[in-house]
Amino acid sequence: MAATESEEVPSIPKFLMDCSAKDIALNWLQATELTRDVYQHLAYYIPKIYCRGSNPNPLNEEMLAQHILLGPMEWYLCGEDPAVGITKLENANKSSQLCGRVFKIGEPTYSCRDCAVDPTCVLCMECFLASVHRAHRYRMTTSGGGGFCDCGDTEAWKQGPYCLKHKPTVSGAMEEDPLAHLPEDMIGRAYNIFAITFKYAVDMLTWVEEDRLPSGLEPPEKEDTYYCMLFNDEVHTYEQVIYTLQKAVNCTQKEAVSFATTVDRDGRRSVRYGDFQFCEQAKTVIVRNTSRQTKPLKVQVMHSSVVAHQNFAIKLLIWLSQVIGYSGGLRRILCEVGLQHRPDEEGSSLIDKLMLCDSKLWKGARNIYHQLFMSSLLMDLKSKKLFAVRFAKNYERLQTDYVNDDHDREFSVTDLSVQIFTVPSLARMLITDENLMTTIIQTFMDHLMRQRDSHGRFQFERYTAIQAFKFRRVQSLIGDLKYVLVSKPTEWTDKLREKFLEGFEVFLQLLKRMQGMDPVTRQVGQHIEMEPEWEAAFTLQMKLTHIISMIQEWCASDERVLIEAYRKCLIVLLQCHSGPCDGEQPITLSMCGHTLESVQYRVSQHQVSIHLPVSRLFSGLHVLLSKTEVAYRFPELLPLSELSPPLLIEHPLHCMVLCAQVHAGMWRRNGFSLVNQIYYYHNVKCRVEMYDKDLVMLQAGASMMDPNHFLMIMLCRFELYHIFNSLDYGKRFNSEHTNKDVLQQNNTLIEEMLHLTMMVVGERYTAGVGHVSAEDELKREIVHQLCIRPMAHSELVKALPEDENKETGMEKVIESVASFKKPGLTGRGLYELKPECTKEFNVFFYHYSRADQSKAEEAQRKLRKQNGEDTALPPPVLPHFCPLFASLVNILQSDVYVYILRTVLQWVVEPNGHAWTESMLQRVLHLIGMALQEEKQQIESAIADSDFTFNFTSKFSRPGEAPENTPSILAMLETLQNSPHLEVYKDMIKWILKLFGIVKKMRERTSSAPVVETEGHGVEECIRDKDKADRKRKAEIARLRREKILAQMSEMQRHFIDENRELFQQTLEELEASSSTAPDNSPIVPDAALIALGPKQTRVFEKKQVVTCILCQEEQEIRINNKAMVLASFVQRSTVLSKNRARTIQDPDNYDPLFMHPDLACGTHVGSCGHIMHAHCWQSYFDAVQAKEQRRQQRLRVHTSYDVENGEFLCPLCECLSNTVIPLLPSPRSPLNSDNSKNCTGLPALSRWLTCTLQQLNVLKKVQEKQTIPDNLPNAILEGMEVPEGFQPDVKPKNPYSDSIKGMLTTLATATYKVGLKVHPNEQDPRVPIMCRGSSAYTIQAIERFLADEEKPLFGHLPCRQDDCLKALTRFAASQWTVSSLSVVQNQYARLLSVLIPDDDNTPIPPSILDVDMFHLLVSLVLSSPALHCHDFTGVSLAVGQLHLFHLVTMAHIV
């Protein structure tokens, strides 16, 4: 039988109720062997209280446990009545300065962004509201459960550690001994009872025997009663467990769901009770059914007494948590008992035993003892330190158990690491005394030992699901290392230096295994067959990003540590370079009289890896040498002589070349895996420790090299050396014999090479590379983001890198570079760049993607035009390099550099344009501008001629040497200045020439009289006048050219009309015909003259409506015979307008919604996001969503934001919640609703119309009373009946809509009915058309109420999506009767009209007009009237009836 099978709960035996807690406690006080007596008491009573049958009574168990088991312990502890003793303890206890509130799942937490040491330092709501942090910048989150409030922890906060409640009143209160407030006798009793109970609880929770109890706890009588206990795991799904339980214990599905839910929540649950054989049978079935594909569910057949003692052990831990809350002294005693070394436990403590058995316990037991740890060990500062030591000693074993376990980290004791490692003093102590940093890193590497290739590098290629699962769990160790390093030391000791550097060495070994991992080789010939695994390596890189940054910060805080770390990192880097060589052959490079011995390495042919963490860490340390000035103060302590600059730049240069070749399309056959790696390499999440560090390494290497040699190596690695070393490269190209793919690739590589040169020389906004601060670097990032477009706060934050505390620092500098524009119609505020900051814009900013660069360039050119400036985008003025990198400027005046610029310009000047691109020219002009700017800066900052040696201008104006004899750069720029095909770059060329003149005059001025300065100004004025004359001449030429073009166009137009005279004549006739009818249909009259209702209603025809499907992107016109187009929409029952919340729909199956009560208690609202789809596209999308949901294996565990089973889905474009669609229909002035009258003369009065309408309804009623309708209907049925003239009840109107539209009309109608009444869908139900009309009326009322509250006009301020929704909804409601039963709608119309015009023949008595909402009545009458009018052929317009209905309802509303 099932465990939940109902059975009569036995009454509580009298001997249990007569048990006296006081008497038992007195016996214990006089006992000589207290442990034996307590164990005997527990052994006797626990089996009689707990686990008495298959369905025990928890209330009785709780009451008896408190009365018989816990009561004596409280009496013994207090030595008197617990009610009195506990009150005394609370009064004598000094309130703790630590809050320690343990958070529940979903509870709000607050972290101060200004004062918290790290993001894990949080406050509960009560402490936050009573603290100074509520006035600071703070972050609010919801707790995942398990943590506690850090209020009162002075190490968690930079300032304001206490709230008003926990602020200490006496200095030194934190160091006071809590035992001083307890009586001596109570201290002894507490030690005794805590030692017994805590040991008992630990022994029982870690007990592995299923059929017997520990010595001393054996029950006097052992019954043959067992439980089949099912344990939780994270492998099997709810469905599998439910199905298995139904088969194993023969329970209902509801009972199986209850079992599965309890197992998932508590970690275990008994599913069968009986003798051993009965329970073993269920165990066998469960194991057999769940072991086919994965490991089986864990099931144990346990004796009822064992289960009873374990249940009480959990209760005992909860009791201990409560008791120690009364007194800090009791908390200290329990901690000492738990941490005491026990000889019988091999020297370990009870705390150790619990932690080491953590992975063997079930979820409920883990949660209880974790909470006990937090309320005891972590709340007592002395014990917290001792517990931290025990935790660190067991760290490796705990992490191994966690990795092999399958429970989430929040249910593992390892999750307590955040409470220990984030305390700075504890972290330092553990690093120093327990070598924690080394332990964490070494444990992490040990778990990844299997994922290594033959060279010792990590390899994740053949990555199984189990390995991926374990890899995700191993990543928690990186989080622990981050906690340890999150706070930099302010004071270093020799022991701390020693242990940190020891950990640093192990960390270097970890990075060494990452150096060169996942290498790639270019695919040639055929596409790669299978995409290689790349995500694991990048996940590891991203996890370590902040660790690497924090280690560099630690190194920077102490000079000795930095120097030693630099040495160790260099040794490991050299070891990496001495590894396997792939195709490196010696080669001699020669260019411009400079010769270099290098190696031939082709990235396009050999292996290359994007993972170079050792190189990047070294570059970071190298920059720190400059930033901290260690390189200048202690050069003799640094191994600078051991550095090999070509070796340093080799691997980073390979990465840069790889990116360039990917951009050039040379690696297309390597698939998307490489594209994704390149993307993340530049992405803001990774670039700080990848892309940026590679650039710094290139700068470091180039600063120690001959600049000509550096550029030659760069040309060689880019595989461009042969191009620039060829005399006739630019002349060899012609359209017939050129491989255009190779040509395009070469051009792209040249562009990327020039860009890299630009970055090496120009990117100086890194503290240590240039004379800048971190704030300057951040400002530059923000400036260049806002140069693209104004951005919201959230956009800017996403574009900026975060530190280890998830802070960008944007708030500190944003006001200096941007102004905030308050939200307008867009609904969000935007930051706009201040005009004075635009001069800092660099069009080739190294963090721009190609798309960002294009947008920024276009935006800045447009801005300059608006300001009346030229469109040149010159390079900005750059800060000076730090001394360690100062030699980088020599690249800008090197021979090879000038030769490269001259060569590209020569290609541009030559008539054949295949060898260059405009992007190439733009980069060359930018580089020339950088060199001139640099020379100008150096001249301005120099005190004497001897202070600067930079001289680019002399090489700028010097022609090339033999044998080329190329013209000078200056001459070629002057030639290009007048080139018609380079109009966009003329302003830039002018700026360069102008700057050249200024720099030249500045050079002359340094050695000439002050008169030269006047000459300089004169030259500038001459140049300015010449520019104005050129602009005037060009404007005149442009005007003449425009006039000539307009004359040509006019002549061509006249000639075309002459040749196609017949076609134009036909067009003119059509235009005249349309214009003749236009005044009647679309009168251009003021609003006051428009008529909205009645036969004289102003006819306004809509334009042809053509819409685009968001799914297939096809356009389609909205027509009645086309396929249906639909709007994603959401139908919901609403009470937002309710005036009577007590009124509800009691019986939806029998509820009549025809008349809406004026209190609008419950209505149906329809909304839409406004996105349009084909009906069949939507149906395919919805079917795919349903199929995906059915395939979801853990559907009950992973909750989605929508319920597919209830017809909900997300809009494919905006992901707005939807549950149906609204069909788009053309204007209601269709043939179906058109007037039969030819003119408006002789319109019937109200009385005549009413008489005619009532007669028509009477005829229809008689017709419907007939069961059969013979062919001679008019004679057989209408005989003896007064039928109004022109009324033909036998006519069946033809539905003009296509099948697709009719289907969508039915779909929305059924959805409105189902949701509005909360019943099962039934499209035949006569209430369907009622609900459609009602939803239209209610939605209009809701919109009107909203606009009234906003003080807006009725239809003037509707958003587009709301306007489209309202238009589509009303047209749907007006057309829905065409897919409903005609007789049903006609009967409803008669009942609606009877409210206004009572009919004596009406069997159902209509409600009073005071009980009917008049707007709903008007809408329902107007929308159902076509069902009657379709039989009327008298020529009276439908609009006449609608006008009379409006008058009737208006009068009823007034009454």
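Residues numbered from 1 in each chain as written. Predicted model: local features only at pLDDT ≥ 70, side-chain atom pairs only at ≥ 80, totals over all residues. Heavy atoms only, no water.

Engineer: I would appreciate a short explanation of the overall build of the protein in the present structure.
Structural biologist: On a plain count of helices and strands, the protein comes out with 53 helices and 16 strands. Considering only contacts in the protein between residues 6 or more positions apart, those separated by 24 or more positions represent 77%. Within the structure as shown, the protein displays about 69500 Å² of accessible surface, and the carbon and sulfur contribution to it stands at 51%. (Helix = DSSP H or I, 4+ residues; strand = E, 2+ residues; numbered from the N terminus. Contact = heavy atoms within 4.5 Å. Areas by Shrake-Rupley, 256 points an atom, 1.4 Å probe, with all protein chains shown as cover.)

Engineer: Mind showing me how you'd approach the pattern of salt bridges here?
Structural biologist: Should their charged atoms come close, side chains of opposite charge can pair. A full pass over the atoms with the stated rule returns 56 salt bridges. The salt bridge partner of Lys-363 is Glu-234, with a shortest N-O separation of 4.0 Å. Here Lys-363, found in helix H14 (residues 363–375), pairs with Glu-234, found in the loop between strand S3 (226–231) and helix H8 (238–249); they are 129 residues apart in sequence, far enough to count as distant. A salt bridge links Arg-717 to Glu-650; its shortest N-O distance comes to 2.5 Å. Placement of the pair is Arg-717 in helix H30 (residues 707–717) and Glu-650 in helix H27 (residues 645–663), with a sequence separation of 67 residues. The same class applies to Arg-717 and to Glu-650, which are both buried. A cluster of three or more residues bridged by salt bridges with shared partners is formed by Arg-113, Asp-114, Arg-137, Arg-139, Glu-807 and Glu-811. (Salt bridge = Lys/Arg side-chain N within 4 Å of Asp/Glu carboxyl O. Buried < 20%, exposed > 50% of the residue type's maximum accessible area, 1.4 Å probe, protein only.)

Engineer: I keep staring at the environment of Gly-53 and nothing clicks. Help me out?
Structural biologist: Structurally, the position occupied by Gly-53 is in the loop between helix H3 (34–49) and helix H4 (58–78). Sequence spacing of Gly-53 and Thr-225 is 172 residues, and the spatial spacing of their C-alpha atoms is 8.5 Å.

Engineer: What is the right way to read the nonpolar core from this model?
Structural biologist: Nonpolar side chains tend toward joint burial in soluble globular proteins. Within the largest apolar cluster, 157 residues are counted, with the highest numbers of intra-cluster contacts made by Phe-194 and Phe-198. In this structure, Val-657, Val-760, Met-791 and Ala-818 belong to the second largest nonpolar core, which totals 131 residues. (Core = buried A, V, L, I, M, F, W, Y, C linked by side-chain atoms within 4.5 Å.)

Engineer: Is there a simple way to think about the packing of helix H22 (residues 494–514) against helix H23 (residues 535–556) in this case?
Structural biologist: Each pair of packed helices can be summarised by the angle the axes make with each other and by the distance between the axes. Where H22 meets H23, the closest approach of the two axes is 12 Å, and the angle between their N-to-C directions is 145 degrees. Where H22 crosses over H23, the two elements pack in a sense that is left-handed. Across the interface between the two elements, Phe-500, Phe-504, Phe-507, Leu-510, Leu-511 and Met-514 from H22 touch Leu-540, Gln-541, Leu-544, Ile-547, Ile-548, Ile-551, Trp-554 and Cys-555 from H23. Residues belonging to the contact of H22 with H23 are distributed by class as follows: 13 nonpolar, 1 polar and no charged. (Axes fitted to C-alpha atoms, helices over the stretch in contact; angles between N-to-C directions. Left-handed = near helix turned anticlockwise from the far one by under 90°. Nonpolar A, V, L, I, M, F, W, Y, C, P; charged D, E, K, R; others polar.)

Engineer: Just checking my understanding: could you explain the pairing of S3 for this structure?
Structural biologist: The side chains of a regular strand alternate, first on one face of the sheet and then on the other. With respect to burial, S3 is a largely interior element, 6 of its 6 residues being buried. Covered by surrounding structure in S3 are Tyr-226, Cys-228 and Leu-230 together with Tyr-227, Met-229 and Phe-231, the residues of both alternating faces. Here S3 runs beside strand S4 (residues 268–274); their pairing, made up of 6 bridges, is antiparallel. From the neighbouring strand, Leu-230 faces S4, where its bridge partner is Arg-269. When S3 meets strand S5 (residues 299–303), the two strands line up antiparallel, connected through 5 bridges. Bridging across to S5, Met-229 finds its partner in Gln-300. (Pairing = 2+ DSSP bridges.)

Engineer: Any chance you could explain the packing of helix H45 (residues 1246–1265) against helix H53 (residues 1438–1454) here in plain terms?
Structural biologist: Contact geometry for H45 and H53: axes closest at 11 Å, N-to-C directions at 105 degrees. Our classification of the angle between H45 and H53 gives roughly perpendicular. Facing Leu-1246, Trp-1249 and Leu-1250 of H45, the residues of H53 in contact are Gly-1441, His-1444, Leu-1445 and Leu-1448. Considered class by class, the residues forming the contact of H45 with H53 number 5 nonpolar, 2 polar and no charged. (Parallel < 35°, antiparallel > 145°, perpendicular 65-115°, else oblique.)

Engineer: Any chance you could explain the packing of aromatic side chains here in plain terms?
Structural biologist: Both the distance between ring centres and the angle between the ring planes are used here to describe each pair of aromatic rings. Applying the stated criterion across every chain, the model contains 36 aromatic pairs. Between Tyr-369 and Phe-373, the aromatic rings sit 5.0 Å apart at their centres with planes inclined by 75 degrees, giving edge-to-face as the arrangement. You can see Tyr-369 and its partner Phe-373 sitting in helix H14, 4 residues apart, about one turn around the helix. What makes Tyr-369 buried here is its relative accessible area of 0%. (Phe/Tyr/Trp six-rings, centres within 6.5 Å; stacked < 30°, edge-to-face > 60°.)

Engineer: Hey, could you run me through the sheet that holds strand S12 (residues 1125–1134) in this one?
Structural biologist: The strands making up a sheet associate through hydrogen bonds between their backbones, and the pairing can be parallel or antiparallel. The antiparallel open sheet is built from 3 strands, whose spatial order is S13-S12-S16. In the strand order of this sheet, the two ends are held by strand S13 (1163–1174) and strand S16 (1220–1223), each with one partner. Strand after strand, the sheet turns through a mean of 40 degrees between neighbouring axes, direction not considered. Taken together, the 4 bridges between S12 and S16 define a ladder with antiparallel strand orientation. Bridging across to S16, Ala-1128 finds its partner in Val-1221.

Engineer: Got a minute to help me understand the environment of Arg-497 in this structure?
Structural biologist: Locating Arg-497 in the fold gives a position in helix H22. Considered as a pair, Arg-497 and Val-561 are 64 residues apart in the sequence and their alpha carbons are 6.5 Å apart. If we ignore the near neighbours within four places in the chain, the residues touching Arg-497 are Trp-492, Asp-558, Arg-560 and Val-561. In terms of polar contacts, Arg-497 uses its side chain to reach the side chain of Asp-494, at 3.1 Å. (Polar contact = N/O pair within 3.5 Å; in protein donor to acceptor, adjacent residues only side chain to side chain.)

Engineer: It is not clear to me how H53 should be interpreted in this structure. Could you clarify?
Structural biologist: Think of an α-helix as 3.6 residues a turn; residues three or four steps apart then line up on the same face. For H53, which comprises 17 residues, the first-to-last C-alpha distance of 25 Å matches the rise-based estimate of 24 Å (1.5 Å per residue) to within 8%. Listed in full, the buried residues belonging to H53 are Leu-1438, Ala-1439, Val-1440, Gly-1441, Gln-1442, His-1444, Leu-1445, Leu-1448, Val-1449 and Ala-1452. (Expected span 1.5 Å × (residues − 1).)

Engineer: Looking at this structure, I do not really get helix H5 (residues 82–92). What am I missing?
Structural biologist: Buried within H5 we find Pro-82, Gly-85, Ile-86 and Leu-89. Along the axis of H5, the buried positions cluster into a sector of 95 degrees, meaning they face one direction only. Residues of H5 that are exposed and angled more than 90 degrees away from the buried face: Ala-83 and Asn-91. The secondary structure elements touched by the buried residues of H5 are H4, helix H7 (184–205) and helix H12 (328–339). (Arc of directions from axis to C-beta.)

Engineer: I tried to follow unusual backbone geometry on my own but got confused; where do I start?
Structural biologist: Across residues other than glycine, the phi torsion is negative in most instances, and most of the peptide bonds are trans. In this structure, Glu-629 is a non-glycine residue whose phi angle is positive, near 65 degrees. Within the secondary structure, Glu-629 is located in the loop between helix H25 (613–627) and helix H26 (630–633). Even without being a glycine, Lys-1318 presents a positive backbone phi close to 55 degrees. Mapping Lys-1318 onto the fold places it in the loop between helix H47 (1299–1317) and helix H48 (1327–1349). Judged by its relative accessible area of 60%, Lys-1318 falls in the exposed class.

Engineer: What is the right way to look at the state of the cysteines in this model?
Structural biologist: Structurally, a disulfide amounts to a covalent bond that connects the sulfur atoms of two cysteines. This model, assessed by the stated rule, comprises 0 disulfides. For Cys-1216, which is in no disulfide, the shortest distance to another cysteine sulfur is to Cys-1214 and amounts to 4.8 Å. (Disulfide = S-S within 2.5 Å.)

Engineer: Which parts of the structure should I look at to understand the sheet that holds S4?
Structural biologist: Ordered by their spatial adjacency, 3 strands build an open sheet running S4-S3-S5, and the pairing between neighbours is antiparallel. Two strands close off the open sheet at either side, each with one partner strand: S4 and S5. Across the sheet, the mean angle separating the axes of adjacent strands is 30 degrees when strand polarity is ignored. Where helix H9 (residues 253–266) meets the sheet, it contacts S3 and S4, and its direction lies at approximately 130 degrees from that of S4. Of the strands in this sheet, S3, S4 and S5 touch helix H11 (residues 304–324), which is tilted by about 95 degrees from S5.

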